[in-house]
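Geometric and topological summary
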Amino acid sequence: MDREKYYITTAIAYTSGKPHIGNTYEIVLADSIARYKRQQGYDVFFQTGTDEHGQKIEMKAEEKGVTPKEFVDEVSTEIKTIWDLMNCSYDKFIRTTDADHERQVQKIFKKLYDQGDIYKGHYEGMYCTPCESFFTESQLVDGKCPDCGRDVTPAKEEAYFFKMSKYADRLIDYINEHPEFIQPESRKNEMMNNFLLPGLQDLCVSRTSFKWGIQVDFDPKHVVYVWLDALTNYITGIGYDCDGASTEQFVKNWPADLHLIGKDIIRFHTIYWPIFLMALDLPLPKQVFGHPWLLQGDGKMSKSKGNVLYADELVDFFGVDAVRYFVLHEMPFENDGVITWELMVERLNSELANTLGNLVNRTISMSNKYFDGVVKNTSVYEPVDEDMKEFVIGAADKVAKKMADLRVADAMTEVFAVFKRCNKYIDETMPWALAKDEAKQDRLATVLYNLVEGICIGTTLLESFMPETTQRIFAQLNGGTRSLDDIGTWGLYPSGTKVTDKPEILFARLDLKEVMAKVEELHPPVVEEPEANEEVSVMDMEAKPEITFDDFMKMQFQVGEIIACEAVPKSKKLLCSQVRVGSQVKQIVSGIKATYSPEEMVGKKVMVLVNLKPAKLAGVLSEGMLLCAEDQDGKLSLVAPEKDMPAGAEIC
């Protein structure tokens, strides 16, 4: 019987430098989904790779004194090494410098040109080299790139353009008819309201100001611009040929079942990419999931901030599966997650070493102590057993439902609930007390059998997320792996099996002070701006001196839309909001928790001071200020535009 196919991709990593842990999160997330689909019986094809062309690469190679190809060869190898370190089970690692990919991109460009979707013109605007994007003056934020905040430079050059507007209505209809296409839903709303409904501009798809790219073969002074090159990897990597000679692998796997990408590039994957596919007369991917960011404790990771964490460094401290556990379990479905050394140590000690590691070690040790390691089901049951069995067996359906919705963190919570239930079962049955009564030896044997069986079921569910740990547990239990179909049945662990007589420690507890001392040796502390005092009330402030009109003009006010909000841990007053201002998302901390709940905040249009110098409030980075009014009783009210205005509208 043929298995149902499942084609999953990640965004291809840009070869400008070493990927940080936030970049690595995406490949681990995709790997966990791919592994789970394989467990379910799907014929999975999992593709990832590297994006290797562009002006930024050309400039970095020149700075280093090597050719662009030499530069990307080195970085692509480093990226692949980190993906392999994290035990990612991809089936194809594509590079956009692969000869077959480059040839197909040239053919796709010519096909789209011949059918009238691409035309020659010229582009004039402000150009951001790191983002490889043009912007109009009105799109800039404080004169800088709205995406990354860096400087832009005027640029004008001859270019080819793609007629995006030709397909816009068709794409709008498709998104409306396929609500599952863009996930989470908040990303869909953003794409529709900010880009599609206001109208699409034609897209620049070639460049002449640099050479490191795929040459337009019928006009050699042009190279194909990044998105038409990079996005097509999803079809060229599985054998697409626009002349009609596509491989069986392409016919089998396309359309993709899931494109997994970061939320910052969702526009390119849900607007540009579907329109390219429509022009090629190809079906659209079934789903595009824009996952949130994994942030350092003081905001988005950035080399300029000096707050970058790398997977290989974390693995040296905690091990591969501990890092996989953290990045998967600590990431919310829609909102950004936070990673710090302190949190890593806390989770390793509490969840991995205590909940899981201690459970396995105690169970094996008791089996050796009381029965020479032989685990036997003597079928001496008590009512407490049934509740434990029902809970453990029921976990499979709970995990399946969470994974179907791509709620991987929630699925892992269900898995660890199994191990917590097993630990509770130890407290309920007290094997050490049973061991003291000769008449209760058979009951003791049943209790230990139930524990081993529960661990086996939980470990089978753990396999997609922490594969090495799964192997280590099953090796100690000598019970062999199981399929997901099997874990709905209790009692498959072979009675009479002997567990290892030398149980290993799965996760050693770490001392936070020792870890932080080593971290400070590797990363000397950076002097930070003093934290703002969250206890100051606006009603206590003295009258401020007059300012000139020039002083006022230094402040930039814009309309923002709150797309996510959560309480700041350990603070009685602060909420942390993700505020969309134009194409940029700013993190803003406000002392309004007494007036607004996080749920109330989401969706509000607010007035934002966007060029306030970033500062920390209660240890959380804030990149602006929400404007509020405050009455004599200290009650706050967010200041909002009287009429509905788009996020990013200037307040003047």
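Check the entry above for the structure.
Residues numbered from 1 in each chain as written. Predicted model: local features only at pLDDT ≥ 70, side-chain atom pairs only at ≥ 80, totals over all residues. Heavy atoms only, no water.

**Some words on the environment of lysine 502**
- Within the fold, lysine 502 resides in the loop between strand 17 (497–498) and helix 19 (512–522).
- C-alpha separation for the pair lysine 502 and aspartate 217, spaced 285 residues apart in sequence, amounts to 65 Å. (Helix = DSSP H or I, 4+ residues; strand = E, 2+ residues; numbered from the N terminus.)

**Comments concerning the pattern of salt bridges**
- Taken as a whole and judged by the stated rule, the model has 37 salt bridges.
- Close ionic contact of lysine 188 with glutamate 185 constitutes a salt bridge, the shortest N to O distance being 3.9 Å. A residue pair is termed a helical-turn pair when its members lie 3 or 4 positions apart in one helix, as lysine 188 and glutamate 185 do in helix 6 (residues 185–196) at 3 residues.
- Glutamate 185 sits in the partly exposed class, given a relative accessible area of 48%. (Salt bridge = Lys/Arg side-chain N within 4 Å of Asp/Glu carboxyl O. Buried < 20%, exposed > 50% of the residue type's maximum accessible area, 1.4 Å probe, protein only.)

**Some details on the packing of helix 13 (residues 341–371) against helix 19**
- Direction vectors running N to C along helix 13 and helix 19 enclose 145°, while the axes themselves pass 10 Å from each other. Helix-helix and strand crossings are classified by hand; for helix 13 and helix 19 the assignment is right-handed. When helix 13 is examined against helix 19, the residues Trp341, Glu342 and Val345 are found in contact with a partner set consisting of Leu512, Val515, Met516 and Val519. (Axes fitted to C-alpha atoms, helices over the stretch in contact; angles between N-to-C directions. Left-handed = near helix turned anticlockwise from the far one by under 90°. Contact = heavy atoms within 4.5 Å.)

**Considerations on the side chain of glutamine 441**
- The residue glutamine 441 is located in helix 17 (residues 441–462) in this model.
- There is a polar contact of 3.1 Å between the side chain of glutamine 441 and the backbone oxygen of aspartate 437.
- When neighbours within four sequence positions are excluded, glutamine 441 is seen to be in contact with Phe371, Leu434 and Ala435. (Polar contact = N/O pair within 3.5 Å; in protein donor to acceptor, adjacent residues only side chain to side chain.)

**A few points about helix 19**
- Among all positions of helix 19, only Val515, Met516 and Val519 are buried. For helix 19, the angular spread of buried residues about the axis comes to 95°, placing them on one side. Pointing more than 90 degrees away from the buried face of helix 19 are the exposed residues Lys513, Glu514 and Glu521.
- Against helix 11 (311–318) and helix 13 lie the buried residues of helix 19.
- The backbone nitrogen of lysine 513 has a side-chain oxygen 3.1 Å away, supplied by the residue at the start of helix 19, namely aspartate 511. (Arc of directions from axis to C-beta.)

**Details of the packing of aromatic side chains**
- Summed over all chains, the structure comprises 26 aromatic pairs.
- Each member of the aromatic cluster is reached from another via a ring pair, and the members are Tyr7, Phe45, Tyr234, Tyr240, Phe250, Trp254 and Trp273.
- The positively charged end of lysine 110 is found above the aromatic ring belonging to phenylalanine 218, 5.8 Å away from the centroid. (Phe/Tyr/Trp six-rings, centres within 6.5 Å; stacked < 30°, edge-to-face > 60°. Lys NZ or Arg CZ within 6 Å of the ring centre and 35° of its normal.)

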